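# Reading the structure
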There are 2 protein chains.
Amino acid sequence: MNKQIIFKKRPIGFPDESTWSLETTSIPEPKEGEVLIQHHYISLDPAMRGWMNDNKSYIAPVGIGDVMRAGSIGKVIKSNNHPSYKVGDCLTGWGGVQQYVTTDGKGWHKVDDTIAPMPLFISTLGMPGMTAYFGILEVGKLKEGDIVLVSGAAGAVGSVVGQIAKIKGCRVVGIAGGKEKCDYLVNELGFDAAIDYKSEEIYSALKKNCPEGVDVYFDNVGGEILDAALSKLRMHARIVICGAISQYNNKVRIKGPSNYLNLLVKRASMQGMVVMDYAKDYGKAAMEMGGWIVEGKLKSREAIFDGIENFYDTFGRLFSGEKKGKLILKVIEE
Amino acid sequence: MNKQIIFKKRPIGFPDESTWSLETTSIPEPKEGEVLIQHHYISLDPAMRGWMNDNKSYIAPVGIGDVMRAGSIGKVIKSNNHPSYKVGDCLTGWGGVQQYVTTDGKGWHKVDDTIAPMPLFISTLGMPGMTAYFGILEVGKLKEGDIVLVSGAAGAVGSVVGQIAKIKGCRVVGIAGGKEKCDYLVNELGFDAAIDYKSEEIYSALKKNCPEGVDVYFDNVGGEILDAALSKLRMHARIVICGAISQYNNKVRIKGPSNYLNLLVKRASMQGMVVMDYAKDYGKAAMEMGGWIVEGKLKSREAIFDGIENFYDTFGRLFSGEKKGKLILKVIEE
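Fair warning: this is a prediction, and the values are worked out from it, not measured in the lab. (Residues numbered from 1 in each chain as written. Chains lettered and ligands numbered in written order. Predicted model: local features only at pLDDT ≥ 70, side-chain atom pairs only at ≥ 80, totals over all residues. Heavy atoms only, no water.)

### Section: unusual backbone geometry
Unlike most non-glycine residues, A:K141 shows phi in positive territory, near 45°. Residue position: A:K141 is located in the loop between α2 (127–139) and β8 (147–151). Judged by its relative accessible area of 45%, A:K141 falls in the partly exposed class. Phi at B:N81 takes a positive value of approximately 60°, unusual for a residue other than glycine. Inspection of the secondary structure assignment puts B:N81 in the loop between β4 (72–79) and β5 (90–93). Accessibility expressed as a relative area gives 56% for B:N81, which makes it exposed. (Helix = DSSP H or I, 4+ residues; strand = E, 2+ residues; numbered from the N terminus. Buried < 20%, exposed > 50% of the residue type's maximum accessible area, 1.4 Å probe, protein only.)

### As for the interface of chain B and chain A
A common way to state how big an interface is: give the accessible area lost once the parts meet. In this complex, chain B contributes 34 residues to the contact, which on the side of chain A involves 34 residues. Roughly 2800 Å² is buried in total at the junction of chain B and chain A, and carbon and sulfur atoms are behind 60% of that figure. Contact with chain A buries surface across chain B, with B:Y260, B:L264 and B:R267 losing the most and accounting together for 25% of the total. Linking chain B with chain A are 6 salt bridges. The partner of A:R253 in a salt bridge is B:D227, and the shortest N-O contact between them spans 3.3 Å. The tally of links between chain B and chain A comes to 11 residue pairs in polar contact (both at pLDDT 80 or more). Mapped onto the side of chain B that touches chain A, the elements with two or more residues apiece are α6 (223–230), α7 (262–265) and β13 (269–272) of chain B. (Contact = heavy atoms within 4.5 Å. Buried area = accessible area lost by both parts, 1.4 Å probe. Salt bridge = Lys/Arg side-chain N within 4 Å of Asp/Glu carboxyl O. Polar contact = N/O pair within 3.5 Å; in protein donor to acceptor, adjacent residues only side chain to side chain.)

### Notes on the packing of α2(A) against helix α3 (residues 158–167) of chain A
If you want to describe how two helices pack, look at the angle between their axes and the distance between the axes. Residue and element names in this part refer to chain A. Here α2 crosses α3 at 45°, and the two axes come no closer than 8 Å. Between α2 and α3, the angle falls in the class oblique. The element α2 and its partner α3 pack so that their crossing is right-handed. Across the interface between the two elements, G129, A132, Y133, I136 and L137 from α2 touch V160, V161 and I164 from α3. The residue inventory of the contact of α2 with α3, partitioned by class, reads 7 nonpolar, 1 polar and no charged. (Axes fitted to C-alpha atoms, helices over the stretch in contact; angles between N-to-C directions. Parallel < 35°, antiparallel > 145°, perpendicular 65-115°, else oblique. Left-handed = near helix turned anticlockwise from the far one by under 90°. Nonpolar A, V, L, I, M, F, W, Y, C, P; charged D, E, K, R; others polar.)

### Notes on the UniProt feature "domain: Enoyl reductase (ER)" (unreviewed entry) in chain A
Sequence positions flagged by UniProt for "domain: Enoyl reductase (ER)" (unreviewed entry) are, in local numbering, residues 13–329 of chain A. Overall, residues 13–329 of chain A shows 26% helix and 24% strand. The separation of its end C-alpha atoms is 23 Å. (UniProt positions renumbered as here; feature names shortened; annotations may be inferred.)

### Describing the pattern of salt bridges
Enumeration over the complete set of coordinates arrives at 42 salt bridges over all chains. Across the pair B:E224 and A:R253 runs a salt bridge, and its minimum N-O distance is 3.5 Å. Taken together, the positions of B:E224 in helix α6 and A:R253 in the loop between β12 (233–241) and α7 (262–265) put the pair across two chains. The exposure class assigned to A:R253 is partly exposed, which follows from its relative accessible area of 44%. Through salt bridges with shared partners, a single network forms among A:E224, A:D227, A:K255 and B:R253.

### Things to note about the nonpolar core
A:L149, A:Y217, A:I239, B:L149, B:Y217 and B:I239 are the most contacted members of the largest nonpolar core, which totals 59 residues. With residues up to four places along the chain from it excluded, the contact list for B:I239 reads B:Y217, B:L226, B:L230, B:L233, B:L263, B:S269, B:M270 and B:Q271. (Core = buried A, V, L, I, M, F, W, Y, C linked by side-chain atoms within 4.5 Å.)

### Topic: the packing of helix α5 (residues 202–209) of chain B against α6(B)
All names here are of chain B. Here α5 crosses α6 at 40°, and the two axes come no closer than 10 Å. When the axis of α5 is compared with that of α6, the two are oblique. In this structure, α5 meets α6 at a crossing whose hand is right-handed. On the side of α5, the interface is formed by I202, Y203 and L206, while α6 contributes E224, I225, D227, A228 and A229. Of the residues contributing to the contact of α5 with α6, the split by class is 6 nonpolar, no polar and 2 charged.

### Topic: the side chain of B:E34
Residues and elements named next belong to chain B. Inspection of the secondary structure assignment puts E34 in the loop between β2 (20–25) and β3 (35–43). In this structure E34 is buried but unpaired, with K31 as the nearest side chain of opposite charge at 4.3 Å. Other than its neighbours up to four places away in sequence, E34 contacts E29, S79, N80, H82, T102, T103 and D104. (Lys, Arg positive; Asp, Glu negative; His and termini not counted.)

### Notes on the relation of the copies chain B and chain A
In screw terms, the move from chain B to chain A is a rotation of 180° and a rise of 0.0 Å along the axis, fitting with an RMSD of 0.0 Å. These values place the two chain copies in the arrangement generated by a two-fold rotation axis. Judged by C-alpha distance, B:G256 is the residue of chain B that lies nearest the rotation axis, at 2.1 Å. Counting the interface residues of chain B, we find that 100% of their copies in chain A are interface residues as well, pointing to one common contact surface. (Least-squares fit on C-alpha atoms with pLDDT ≥ 70 in both.)

### Comments concerning the domain arrangement of chain A
All names here are of chain A. Per the domain assignment, the segments of chain A are domain 1 (2–123 + 300–330) and domain 2 (127–276). At the interface, 22 residues of domain 1 touch 17 residues of domain 2. Sorting the residues of domain 1 by area buried against domain 2 places Y58, W94 and R301 first, and these three jointly supply 25% of that buried surface. Counting across the interface, domain 1 meets domain 2 through 1 salt bridge. A salt bridge links K324 to E180; its shortest N-O distance comes to 2.4 Å. Here domain 1 is connected to domain 2 by 4 residue pairs in polar contact (both at pLDDT 80 or more). Looking at the side of domain 1 that touches domain 2, the elements that each hand over two or more residues are α1 (47–51) and α9 (311–320). (Domains from an automatic or database assignment.)

### Concerning the pairing of strand β9 (residues 171–176) of chain A
All names here are of chain A. In terms of burial, β9 is a largely internal element, 5 of the 6 residues being buried. One ladder, built from 5 bridges, connects β8 with β9; its direction is parallel. Its bridge partner being in β9, V148 is matched across the sheet by V172. In this view, the connection linking β8 to its parallel neighbour β9 by way of α3 has right-handed handedness. When β9 meets strand β10 (residues 193–196), the two strands line up parallel, connected through 4 bridges. Note that in β10 the partner of G174 across the bridge is A194. (Pairing = 2+ DSSP bridges. Right-handed = clockwise from strand over helix to strand, strands pointing away.)

Okay, structure coming up:
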């Protein structure tokens with residue numbers, strides 16, 4: 001049977017248990033030219049919260065009654081004359097939160113799971129890694145010697161942003177929640193400094209850790225931290241707007257950045273990005289990042305939880321911060 | 001004697017009469033290598049409000065007890081061996097709100113007041129015109145066919161922004177306060193449409209007038225109008241942050257743009273500018289804009305009020321909207 005997480009009700013604020021239901025259906029049969037994929041892992045990402053709102057955005061909202069949208073990775077277990085994919089191929093795409101999915105292959109791509117474990121392909125070599133790579137290099141226009149600040153720094157995107165900036169010869173300061181995460185950034189990922197926003201006052205912590213200001217701020221969180229970062233910009237600074245996790249579960253209107261006029265004072269820019277725009281260059285990026293991983297310059301950490309039944313609790317960890325690294329749900333039953 | 005407006009007290013919110021005092025001193029003598037300039041006109045600009053705050057900004061705040069900072073234009077009436085300037089030369093620079101000033105010439109430049117009336121050199125051929133020119137062309141990266149939205153559209157900067165965009169083959173919508181200003185934009189300056197923010201609900205007015213969205217938004221006002229514009233961005237739109245007149249007299253924290261996450265949805269950017277950065281290219285810009293004026297493609301309107309004694313009331317018109325075109329104070333007594 002195929003266990004699925006079905007989207008039942010648009011949440012206001014943080015999703016509660018009535019938002020989704022776990023349902024069981026029969027395993028679908030691939031039509032002519034399709035394959036059947038058995039999912040091993042599902043990617044859980046903050047962006048999923050945005051897809052639940054009935055807003056115009058960069059992608060249509062998830063429909064009520066649909067399988068919850070998510071990135072995924074798994075193996076072909078049946079092919080009905082698919083022209084390219086055969087049984088045993090490892091594919092990653094947008095399979096949703098379910099154990100099995102059929103597809104004609106559009107939007108999916110094959111990866112070689114003999115060279116790296118599957119979770120890596122939905123983590124640093126997948127969307128979060130691509131987001132970090134194109135966000136900091138293309139949108140952030142990173143230059144050697146830049147002072148780089150990144151929020152959500154221990155997360156799937158932020159940790160890669162900071163490490164790429166170190167590889168490129170920058171000073172890197174990360175913002176994360178809790179001493180353990182901050183220690184991880186400095187001691188294991190080689191960040192120059194880390195700010196614990198849970199125990200430190202953000203303005204004075206920035207003053208201490210970025211006394212010369214910031215050339216690039218990579219924002220995953222929005223809210224007060226974005227405002228504080230705006231107050232520390234250097235001339236011609238760039239802010240990359242990648243997300244705003246602090247605001248996704250708001251019941252009231254999003255808090256706009258009060259300090260935005262520092263963009264004027266510092267002739268700075270703030271630019272938004274969506275990773276899908278860079279799809280044609282994913283291969284090149286994966287190659288370069290794969291090289292860094294092999295050389296030990298880029299570390300990837302996944303927080304893997306087990307069982308599709310635990311989707312709701314696991315999803316909550318995206319926002320509570322109770323996880324280390326890229327949040328992944330293992331859905332294959334062994 | 002030299003009448004001066006002296007900055008006495010940093011205002012909280014809108015300046016009141018205790019902010020400045022009118023004082024009289026003797027006309028200064030130019031030192032060796034200096035000239036004495038008699039001011040004819042003083043430029044009154046919204047940016048002056050920002051210079052009164054004791055904040056870090058792109059320029060030091062005006063000191064208490066100093067002559068109020070302002071752009072100005074006047075004629076050399078005495079030279080003490082100045083190497084370049086002689087009696088009768090018309091100079092524009094940062095002379096402050098006073099009738100006479102001495103200078104070694106640094107930061108001043110000579111204009112030819114036989115080809116255009118003096119006020120034009122502190123209006124469309126001065127700072128506001130330069131701000132419009134470099135803001136829309138360089139920061140806004142204007143392209144033929146763009147849909148351009150400009151706030152403060154009947155003002156010194158906005159009216160030039162819109163006209164340049166028309167010259168470059170764009171569709172232009174202006175936002176201004178009151179029917180008279182809106183009629184002026186459409187009937188005299190050739191804007192495609194105008195929105196009266198005083199009588200129209202801004203979101204529905206934008207929906208009506210920019211049904212396809214906006215490629216470039218040139219923001220002079222901030223606040224709700226910036227938020228509304230953010231909701232109408234097209235893909236890869238550019239927002240030029242030139243000012244935020246709606247927020248300058250706030251007693252509370254500036255209202256940040258709640259809709260800033262549309263920068264992400266639309267892969268758009270928001271960039272600040274300060275006109276001084278383009279000083280080396282002023283000459284080129286003045287030449288091009290002068291050409292447009294001669295051809296009748298670019299119209300300039302000045303609202304000239306008379307008498308340094310009326311500085312306080314005249315300054316208020318910057319924020320009340322009770323003026324048409326570039327606000328100028330005539331300080332020469334005839």
